Amino acid sequence: MKKENNILKDSFGRTHSYLRLSLTELCNLRCTYCMPAEGIKLSPRSHIMNFDEIYTIARTFAEHGVTKIRLTGGEPLVRRDVDIILKQLATLPVELSMTTNAVVVDKFLDVLKDCNIKNLNVSLDSLQAEKFNTITRRNNFEKVYNNLLLLINEGFNVKINAVLIKDFNGDEIIDFINFTKKHDISVRFIEFMPFDGNKWDKSKMMSYAEVMEKVNSEFLPEQIIRLQDAKNDTTKNYKIDGYKGSFGIISSITNPFCDSCNRIRLTANGHIKNCLFSATESDLLTPLRAGKDITPIIKKTIQSKFKVRGGMDTLEKLESPELHGKNRSMIAIGG
Ligand code: SAM
Ligand code: SF4
């Protein structure tokens, strides 16, 4: 496939080779940090990309240098035609992966294997049933926990995503790290980020430094091994000596990793966002349906990318609801 990197290179020289593709705005959970209690205003069904449109847009990105596509949502596995989408995307020369809440993942093991999807990020914010059910506003802990073990046993490369919220699951950091003693997986602690309607407040967030404080008070310095991070990795990775798995921290708030950002996002209604924190987006679906070339729009959107966090380069700006409230809720972006 012909690759022309130029349209995916921004004005700061960053080349975008990683597409996070949201398949749906719907979800079978209701995580408090991701969506407002009252829900979100959903896009009309006719505005959601169909499977052919998803394939066409994804292929356009692959033709211009995207080598990795992560499927997300909402919950990607609640989409009825997800099998067809996965099979079509699997024909592209890209590494396919998925972020899922794992509630129904047991029903998709064969299709995931057939489509060579080995890397699965599973969201799990607590190892305690009651807490998990509280934060997700649903009672699916057993299902998710059992499916997590199933994925590990089936040989998938599993990463757990845990959003840390102070006075909620901050006391489980060591429990999560101890989970990596016997399981060869990575647990990633994510700093709680502000999006429209999620009642973010700096005091609820646990920072990278606070996580490391807990780690340092539990383990001896010689037990804590700093791992080499992969190129463009958003995670600072560690492991405990002798443990099978590892852990890491995604510190978008206190240590943004924008300098090496290679990500672009496509929402389920076919808009591209050049940054997770961007207040603006560009519609690709309407011009695609009108038979127009979408590459000039992609190029323009990439060119307009800010250097840091959609222009919110200071913590003060990020804290301002007038600024972060212009963005969508996370469930409608695709994390
Ligand atoms: N439903 C799937 C899941 O939960 O894994 C995929 C979509 S979800 C929006 C993708 C990731 O975004 C999840 O790992 C979730 O924990 C993370 N996320 C959602 N809201 C967040 C927030 N406010 N701060 C940090 N991470 C967030
Ligand atoms: Fe659904 Fe994932 Fe958002 Fe939770 S984090 S509400 S599982 S999309």
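**Student:** Which residues make up unusual backbone geometry, and what values do they have?
**Tutor:** Positive phi, normally seen in glycine, also occurs at alanine 102, with a value near 70°. Assignment of secondary structure puts alanine 102 in the loop between β3 (95–100) and α3 (109–114).

**Student:** How would you explain the pairing of strand β5 (residues 157–164) if you had to name every residue and give the values?
**Tutor:** Across the 8 residues of β5, 6 count as buried, placing the element largely inside the fold. As defined by bridge partners, strand β4 (residues 119–123) adjoins β5 across 5 bridges and the pair is classed as parallel. Across the sheet, the residue bridging to asparagine 121 is lysine 159, located in β5. Bridge analysis of β5 against strand β6 (residues 186–191) gives 6 bridges, and the strand direction is parallel. Of the residues in β6, the one forming a bridge with valine 163 is isoleucine 190. For the crossover that starts at β5, traverses helix α6 (residues 173–179) and ends in the parallel β6, the hand is right-handed.

**Student:** Describe empty space enclosed by the protein, and please don't skip the residues or the numbers.
**Tutor:** In this approach, a probe sized like a water molecule rolls over the atoms, and the result shows the empty space that is left. Taken as a whole, this structure holds 1 cavity of 30 Å³ or more when the rule is applied. Size it by volume and the largest cavity reaches roughly 40 Å³. Here the residues of the lining of the largest cavity sort into 2 nonpolar, 4 polar and 2 charged.

**Student:** Give me the lowdown on the layout of surface pockets, citing residues and values where you can.
**Tutor:** Estimated volume of the second largest pocket: approximately 410 Å³. Contributing to the lining of the second largest pocket are 14 residues, with Thr24, Leu26, Arg45, Ile48 and Arg79 lying nearest its centre. When its residues are assigned to classes, the lining of the second largest pocket shows 6 nonpolar, 3 polar and 5 charged.

**Student:** Please set out the site of ligand 2 residue by residue, giving values where relevant.
**Tutor:** Cys27, Leu29, Cys31, Cys34, Gly74 and Asn101 make up every residue found near ligand 2. For the shell around ligand 2, a count of residues per class yields 4 nonpolar, 2 polar and no charged.

**Student:** Just give me the short version of the side chain of lysine 305, but keep the residues and values in it.
**Tutor:** Residue position: lysine 305 is located in the loop between α9 (295–303) and α10 (315–319). Aspartate 10 provides the closest opposite charge to the buried, salt-bridge-free lysine 305, at an N-O distance of 5.3 Å. Within the structure, the side chain of lysine 305 is placed 3.1 Å from the side chain of histidine 16, a separation counted as a polar contact. There is a polar contact of 3.3 Å between the side chain of lysine 305 and the backbone oxygen of arginine 263. Residues contacting lysine 305, with those up to four places away along its chain left out, are Asp10, Ser11, Phe12, Arg14, His16, Cys261, Arg263 and Asn274.

About the criteria used
- Residues numbered from 1 in each chain as written.
- Chains lettered and ligands numbered in written order.
- Predicted model: local features only at pLDDT ≥ 70, side-chain atom pairs only at ≥ 80, totals over all residues.
- Heavy atoms only, no water.
- Helix = DSSP H or I, 4+ residues; strand = E, 2+ residues; numbered from the N terminus.
- Buried < 20%, exposed > 50% of the residue type's maximum accessible area, 1.4 Å probe, protein only.
- Pairing = 2+ DSSP bridges.
- Right-handed = clockwise from strand over helix to strand, strands pointing away.
- 1 Å grid on protein atoms, 1.4 Å probe; cavity = no way out; pocket = protein on both sides within 12 Å on 5 of 7 lines; lining within 4 Å.
- Points joined across faces, edges and corners; volume = space filled by probe spheres on them.
- Nonpolar A, V, L, I, M, F, W, Y, C, P; charged D, E, K, R; others polar.
- Near = heavy atom within 4 Å.
- Lys, Arg positive; Asp, Glu negative; His and termini not counted.
- Salt bridge = Lys/Arg side-chain N within 4 Å of Asp/Glu carboxyl O.
- Polar contact = N/O pair within 3.5 Å; in protein donor to acceptor, adjacent residues only side chain to side chain.
- Contact = heavy atoms within 4.5 Å.

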